[in-house]
Amino acid sequence: MTINTMQRASEAASDETLSFKEATRARRSIRGFLDTPVPDTVIREVLEDAQYAPSNCNTQPWNTHVVSGEKLKELSRILHAKNDDGAFTPDFSFDQNDFYGDYRLRNDALGKAYYEAMNVMRADKEGRRRVGGMNYSFFNAPHVALLFMPSFGDNVRVAGDMGMYGQTLLLSLSARGLGGIPQTSLGFFAEPIREFLGVPNDLKLLFGISFGYPDDSAPGNRIFMDRVPVDTSVTFHG
Ligand SMILES: Cc1cc2nc3c(=O)[nH]c(=O)nc-3n(C[C@H](O)[C@H](O)[C@H](O)COP(=O)(O)O)c2cc1C
């Protein structure tokens, strides 16, 4: 089914959500969720919002798998086992050592805020491993959306499209008082996830988004990352 413009206008009018500015400012990465499942109708609305993301040449390359309930628990067990074994099978490379200068400093600031919130000392390797492992319990979220993509050329353009899709989805969650967290760490286990969900090999796993109702009392939700000023990121000409 296609979603036409009329439908788009009526949905916009009927939705009771935050304003764009409120939703954008309210969004942050949620690392602690309540067990309460999100109603199917709401999940579908969020996914319909995400469909409006732009894409290179209108390819709409996102192939999303939403996993919930017992199936999610099973997937969590598989991911914890693979993580414990260090059996990484990412479709795309990822190395934090690539970050340099201010980018590295911003990454360090996240690490500091993250481990402080979780009450883990930097030298505590086991504590850091445990906290990192929370990614594979989906931070207790009742749902995860796994974002697969076809591979075109060097994949950079497709990944850009996927990012736009992911952010639209995250903002839609935020506008409804829900929360989500994008997780590259789920992409580290692309092969077992594909096998578990029956996804063909030509679809690559870029990242996942765990989502649900934020647990305001969770330590992982005490992390607030600042942004650098606009003039640090933007150069105006003319
Ligand atoms: C594509 C992508 C992947 C990410 N992967 C992870 C992850 O695996 N685990 C995690 O805890 N946070 C992950 N994050 C969240 C970032 O750490 C977070 O967006 C950043 O620190 C800014 O904080 P904010 O989202 O709360 O504004 C990811 C973010 C993006 C955009």
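Not measured: the values here are computed from a predicted model.

Asks: Please clarify how the packing of helix α3 (residues 40–50) against helix α7 (residues 156–175) should be interpreted in this entry.
Replies: Pairs of packed helices are described in terms of their axes, by the angle between the two and the distance that separates them. Contact geometry of α3 with α7 gives a least axis separation of 8 Å together with a crossing angle of 140°. The angle between α3 and α7 places the two elements in the oblique class. For the element pair α3 and α7, the recorded crossing hand is right-handed. For the pair formed by α3 and α7, the contact residues are V46, L47, D49 and A50 on the first element and Y165, T168, L169, S172 and L173 on the second. Split by residue class, the contact of α3 with α7 holds 6 nonpolar, 2 polar and 1 charged.

Asks: Would you mind showing me how to read the site of the ligand here?
Replies: Taken together, 15 residues surround the ligand, and among them S29, R31, T184, S185 and R227 come closest. A distance of 3.0 Å separates a nitrogen atom of the ligand from a polar side-chain atom of N135. Within the contact set of the ligand, an oxygen atom lies 2.7 Å away from a side-chain nitrogen or oxygen of S185. A total of 620 Å² of accessible area belongs to the ligand in isolation, and the protein chains cover 71% of it. Where the shell around the ligand is concerned, the elements lending two or more residues are α5 (101–117), β3 (179–183) and α8 (184–187). When residues of the shell around the ligand are assigned to their parent elements, the largest contribution, 3 residues, is made by β3. Split by residue class, the shell around the ligand holds 6 nonpolar, 5 polar and 4 charged.

Asks: In this structure, what is going on with the nonpolar core? I would like to understand it.
Replies: A general trend in soluble globular proteins is that nonpolar side chains are found buried together. L79, F138, L146, F148, I193 and L197 are the most contacted members of the largest nonpolar core, which totals 30 residues. Taken together, the elements giving at least two residues each to this core come down to α4 (69–85), α5, β2 (143–150), α9 (190–197) and β4 (203–212). Ranked by residue count, the leading element in this core is α9, at 4 residues. Non-local contacts of F148, meaning those with residues more than four positions away in its chain, are made with P61, W62, N63, H65, M162, I193, R194, L197, V199, L203, K204 and L205. With 20 residues, the next largest nonpolar core counts I43, M162, Y165 and L173 among its residues.

Asks: What is the right way to look at the packing of aromatic side chains in this model?
Replies: How two aromatic rings sit relative to each other is set out by the distance from centre to centre and by the angle between their planes. In this structure the tally under the stated criterion is 7 aromatic pairs. Consider the rings of W62 and Y165, whose centres lie 4.8 Å apart with planes at 15°: the pair is stacked. A residue pair is termed long-range when its members are at least 10 positions apart, and W62 in the loop between α3 and β1 (63–68) and Y165 in helix α7 qualify at 103 residues. Residue classification places Y165 among the buried residues on the basis of a relative accessible area of 2%. Three or more aromatic residues link up through ring pairs in this structure, and these residues are F88, F94, Y136, F188 and F189. The ring of F196 has K71 lying over it, and the distance from NZ or CZ to the ring centre is 4.6 Å. The residue whose ring lies beneath R128 is Y115, and the NZ or CZ to ring-centre distance is 5.6 Å.

Asks: Got a minute to help me understand the sheet that holds β4 in this structure?
Replies: Backbone hydrogen bonds are what pair the strands of a sheet, in a parallel or an antiparallel way. Sheet architecture is open: 4 strands sit in the order β1-β2-β4-β3, paired in antiparallel fashion. Unpaired on one side and paired on the other, β1 and β3 mark the two borders of the sheet. Averaged over all adjacent pairs, the angle separating strand axes in this sheet is 25°, with direction ignored. Sheet topology note: the β2/β4 ladder contains 8 bridges and is antiparallel.

Asks: Would you explain the confidence of the model for the protein in this entry?
Replies: Detailed conclusions should not be drawn from predicted coordinates in areas where pLDDT is low. When pLDDT is averaged along the protein, the result is 94, and 93% of the positions lie at 70 or above. Long-range and interchain partners of residues 5–14, a stretch whose pLDDT sits below 50, account for 4 contacts in this model, where long-range means more than four residues apart.

Asks: Please explain the pattern of salt bridges as it appears in this structure.
Replies: Oppositely charged side chains can pair when the atoms bearing their charge come close. Within the structure shown, the criterion is met by 7 salt bridges. In this structure, D49 and R176 form a salt bridge, with 3.0 Å as the shortest nitrogen-oxygen distance. Taken as a pair, D49 in helix α3 and R176 in the loop between α7 and β3 lie far apart in primary sequence, 127 residues in all. Owing to a relative accessible area of 22%, D49 belongs among the partly exposed residues under this scheme. With its nearest N and O atoms 3.3 Å apart, the salt bridge here joins D84 to R129. One end of the pair, D84, is in helix α4; the other, R129, is in helix α6 (residues 125–133), with 45 residues separating them in the sequence.

Reading guide: rules and limits
Every chain begins its residue count from 1, and numbering advances along the sequence as written. In view of the model being predicted, local features appear only for residues whose pLDDT reaches at least 70, and side-chain atom pairs are presented and counted only at 80 or more, with totals across whole chains, interfaces and linings using the full set of residues. Only hydrogens and water are removed before side-chain values are computed, so all heavy atoms of the structure are retained for them. Only the stretch in contact is used when a helix axis is fitted, and all axes are lines through C-alpha atoms; the angle between N-to-C directions ranges over 0 to 180 degrees. Per the convention used, a helix needs a DSSP run of H or I reaching at least four residues, while a strand needs a run of E reaching at least two, with both numbered from the N terminus. Oblique is the label for any angle not covered by the other classes, which are roughly parallel (under 35 degrees), roughly antiparallel (over 145) and roughly perpendicular (65 to 115). Each crossing gets its hand from how the near helix is turned against the far one by less than a right angle, where anticlockwise is left-handed and clockwise is right-handed. Any two residues whose heavy atoms approach within 4.5 Å are treated as being in contact. Lys, Arg, Asp and Glu make up the charged group, whereas Ala, Val, Leu, Ile, Met, Phe, Trp, Tyr, Cys and Pro make up the nonpolar group; the residues left over, Gly among them, are polar. Think of it this way: one heavy atom of a residue within 4 Å of a molecule or strand is enough to make that residue near it. N or O atoms closer than or at 3.5 Å make up a polar contact, with two conditions inside protein: a donor-capable atom paired with an acceptor-capable one, and, for residues adjacent in sequence, both atoms drawn from side chains. Working definition of accessibility: Shrake-Rupley area with a 1.4 Å probe, residue cover restricted to the visible protein chains. Only buried residues count toward a nonpolar core. Its members are Ala, Val, Leu, Ile, Met, Phe, Trp, Tyr and Cys residues joined through side-chain atoms within 4.5 Å. Relative accessibility decides the category of a residue: with a 1.4 Å probe and only protein chains considered, values under 20% of the type maximum give buried, values over 50% give exposed, and everything between is partly exposed. We call Phe, Tyr and Trp rings a pair once their centres come within 6.5 Å, taking the six-membered ring for Trp, and we label the pair stacked below 30 degrees between planes, edge-to-face above 60, and tilted otherwise. Definition used: whenever NZ (Lys) or CZ (Arg) falls within 6 Å of the ring centre and also within 35 degrees of the ring normal, the charge is taken to sit over that ring. Think of it this way: DSSP has to see at least two bridges between two strands before they count as a pair. Each residue gets a pLDDT score, which is the predictor's confidence in that residue and runs from 0 to 100. One side-chain nitrogen of Lys or Arg within 4 Å of one carboxyl oxygen of Asp or Glu is enough to make a salt bridge.

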